[in-house]
Amino acid sequence: MRLDVITIFPEYLEPLRHALLGKAIEKGILEVGVHNLRDWATDVHKSVDDTPYGGGPGMVMKPTVWGPALDDVAEGKSVGWQLDSAQPHVDKPRRDDLTGRSFEGYEGEAGDKPLLIVPTPAGRPFTQEMARRWSNEDHIVFACGRYEGIDQRVVEDAANRYRVEEVSIGDYVLIGGEVAVLVMAEAITRLIPGVLGNASSHEEDSFSDGLLEGPSYTKPREWRGLEVPDVLLSGNHKLVEEWRREQSLQRTRERRPDLLRQE
Ligand code: 6GU
């Protein structure tokens, strides 16, 4: 899978290169390109936003900058770049660190358009089901808006070259889409085969069966006067499974009764 992120704050996306995702990049399962939207600004001030038609507070990001950026990234004409800042933990260049290199067709299977995800608090709620579906994509582009958002015509026009989804990660407001991209990229890429060590380890994730995951324990058996539940030491797999199911139900009833009602 290839992920491209277009943002005015490329440094926010640095965590994509660490831990789980960094491993996936090293294994060649994942490629990440981060693109500075200002590279497509045309005026001397490199401006990317302007005042809103109809008035109101804040600024709106300009279609004349976003349009060409999305065109170029869809076609692989911009591969993205790494920040100039020193990266002591990176000892060899990764192919997506290199500027000016093109990549071969990242179109989805059967010539599908790439998927464009636009993070916005006004979007459809991001779910585990979307993460599962999108983990099969070949090419996902994230368009990070800041300020009061992006001119809506950008989303409309992008539908000519992308399958477009406007998505929210929850009922609260962030300053921009960058952190939402980190959240979604992690949720999506951990489901790609080979990214997590144990392929079956996400079959028991919270939400994959519509319930929250129950509590887990490891050694020692007693710690600060607290015991591990006896059933987990019983060696009876059937009893353990029943207990875990009951713990899941109990936790879901307490914390997320909405998940039980919609089942
Ligand atoms: Cl995806 N973006 C922003 N800016 N705020 C949000 C969000 C996204 N999801 C929830 N709040």
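Residues numbered from 1 in each chain as written. Predicted model: local features only at pLDDT ≥ 70, side-chain atom pairs only at ≥ 80, totals over all residues. Heavy atoms only, no water.

Per an unreviewed UniProt entry, the chain goes by the name tRNA (guanine-N(1)-)-methyltransferase and belongs to Corynebacterium epidermidicanis. Comment text from UniProt for the chain, heading Sequence similarities (unreviewed entry), reads "Belongs to the RNA methyltransferase TrmD family." Its UniProt record gives the chain a comment under Subunit (unreviewed entry), which states: "Homodimer." (UniProt positions renumbered as here; feature names shortened; annotations may be inferred.)

K.L.:
Report on the overall build of the chain, specifying residues and quantitative values.
P.N.:
Counting its regular elements, the chain contains 7 helices and 9 strands. Expressed as a percentage of the 263 residues in the chain, the buried residues total 42%. The contacts of the chain with a sequence gap of at least 6 include a subset with a gap of at least 24, amounting to 75%. (Helix = DSSP H or I, 4+ residues; strand = E, 2+ residues; numbered from the N terminus. Buried < 20%, exposed > 50% of the residue type's maximum accessible area, 1.4 Å probe, protein only. Contact = heavy atoms within 4.5 Å.)

K.L.:
So what's going on with the packing of aromatic side chains? Residues and values would help.
P.N.:
Going through the model one piece at a time under the given rule, you end up with 2 aromatic pairs. Ring geometry for Phe9 and Tyr12: centres 5.6 Å apart, planes at 45°, overall tilted. Among the residues examined, Phe9 registers a relative accessible area of 26% and is labelled partly exposed. (Phe/Tyr/Trp six-rings, centres within 6.5 Å; stacked < 30°, edge-to-face > 60°.)

K.L.:
Tell me about the nonpolar core, and name the residues and values.
P.N.:
If you look at soluble globular proteins, the nonpolar side chains tend to sit buried side by side. In terms of nonpolar packing, the biggest core is built from 30 residues, with Ile117, Phe126, Trp134, Ile140, Phe142 and Ile188 touching the most fellow members. Only strand 1 (2-7), helix 1 (19-26), strand 2 (31-36), strand 5 (115-125), helix 3 (128-134), strand 6 (139-143) and helix 5 (178-189) provide two or more residues apiece to this core. Per-element accounting of this core gives the leading share, 6 residues, to helix 5. With residues near it in sequence (within four places) discarded, Phe142 still touches Leu3, Asp4, Val5, Ile6, Ile117, Val181, Met184, Ala185 and Ile188. (Core = buried A, V, L, I, M, F, W, Y, C linked by side-chain atoms within 4.5 Å.)

K.L.:
Kindly report on the UniProt feature "binding site: S-adenosyl-L-methionine" (unreviewed entry) in the chain, identifying the contributing residues and their values.
P.N.:
In the numbering used here, UniProt assigns the "binding site: S-adenosyl-L-methionine" (unreviewed entry) feature to Gly145, Ile169, Gly170, Asp171, Tyr172, Val173 and Leu174. Take Ile169: it is sitting in the loop between strand 7 (163-168) and helix 5. The residue Val173 is located in the loop between strand 7 and helix 5 in this model. On the basis of relative accessibility, which here comes to 69%, the residue Val173 falls in the exposed class.

K.L.:
I'd like a rundown of the site of the ligand, residues and numbers included.
P.N.:
Around the ligand, the neighbouring residues are Pro119, Thr120, Pro121, Val167, Ser168, Ile169, Gly170, Tyr172, Val173, Leu174, Gly176 and Ala180. Between the ligand and Gly176, the relevant distance is 3.5 Å, taken from a nitrogen atom to a main-chain nitrogen or oxygen of the residue. Considering the ligand on its own, with 280 Å² of exposed area, one finds that the protein chains cover 97% of that surface. For the shell around the ligand, the secondary structure elements donating two or more residues are strand 5 and strand 7. With 3 residues, the single largest contributor to the shell around the ligand is strand 5. (Near = heavy atom within 4 Å. Polar contact = N/O pair within 3.5 Å; in protein donor to acceptor, adjacent residues only side chain to side chain. Areas by Shrake-Rupley, 256 points an atom, 1.4 Å probe, with all protein chains shown as cover.)

K.L.:
Help me get a handle on the environment of Pro119, residues and values and all.
P.N.:
Within the element layout of this structure, Pro119 appears in strand 5. Sequence separation of Pro119 and Glu165 is 46 residues, and the distance between their C-alpha atoms is 8.4 Å.

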